[in-house]
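If you want the building blocks of each chain, they are given just below.
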Amino acid sequence: MNLRQRNVSTFSKKRGISQIMGSMFMLALVVPVGVVIVTKGLNEAGEISNRLSSGITFQNEGGQEDIVFEHVRFDPTGNQVMISLRNVGTVESTIAKITMVKTDTQEVLINNKDLAVVAQPRVGTSVLETANLQFSAKWDDPNYVNSEYKISIMTDRGNFYGVVARPFNT
């Protein structure tokens, strides 16, 4: 009988948390951590969505721009070229680069990578550039007057436009 009383008294002295209280305690720890993780994840997903949608808008606007070469004028007594352009697209365009290459010798006469000419929709724009003419620095020189020139421009949206011109014949 003593043995039985000793076992009963040992069991009665042990104390513990009920299953309900244990579950409530774990729930009190897990819920705030879960809320922080879910909120952070939703914010990151929204930020990615905003970046993607703005990139799609940028690409769509790139499809809405269109530049047309209206006229190319070579100054006969100097080395300047006046390029008249018109933005026939529906969005504002910024001309970022312009190059001019002599087609028969592949000589680069104009290579301006720092151009920032804004062309409004449906408005004409002129770009005045100085060519690197090595012989006489004049367009009426026989080395330049009978050649064709490939003129190319690139916009800040990555669109590329080009035209072939001849001095005094454009």
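Relevant structure appears above.
The residue numbers shown here count from 1 along each chain, following its written sequence. Per-residue local features are limited, in this predicted model, to residues with pLDDT of at least 70; the limit for side-chain atom pairs, both in listing and counting, is 80 or more; totals at the level of whole chains, interfaces and linings are taken over all residues. With hydrogens and water excluded, all non-hydrogen atoms of the structure serve as input to the side-chain values.

**With respect to the pairing of strand 3 (residues 93–102)**
Remark: exposure states derive from per-residue accessible area (1.4 Å probe, protein chains only) relative to the maximum for the residue type, with buried under 20%, exposed over 50%, and partly exposed in between. Secondary structure elements are defined from DSSP: runs of H or I of at least 4 residues count as helices, runs of E of at least 2 residues count as strands, and each element is numbered from the N terminus. The buried count for strand 3 comes to eight of 10 residues, which makes it a mostly enclosed element. Relative to strand 5 (residues 117–119), strand 3 runs antiparallel, the two being bridged by three bridges. By the bridge assignment, T94 is partnered in strand 5 with V118. Relative to strand 7 (residues 149–155), strand 3 runs antiparallel, the two being bridged by seven bridges. Following the sheet pairing, K97 is matched in strand 7 by M154. A pair of strands is considered paired only if DSSP assigns at least 2 bridges between the two. Two strands pair when backbone bridges link them, and strand 3 and strand 4 (residues 107–112) are joined in this way by five bridges, in the antiparallel orientation. Note on strand 4: the bridge partner recorded for K102 is E107.

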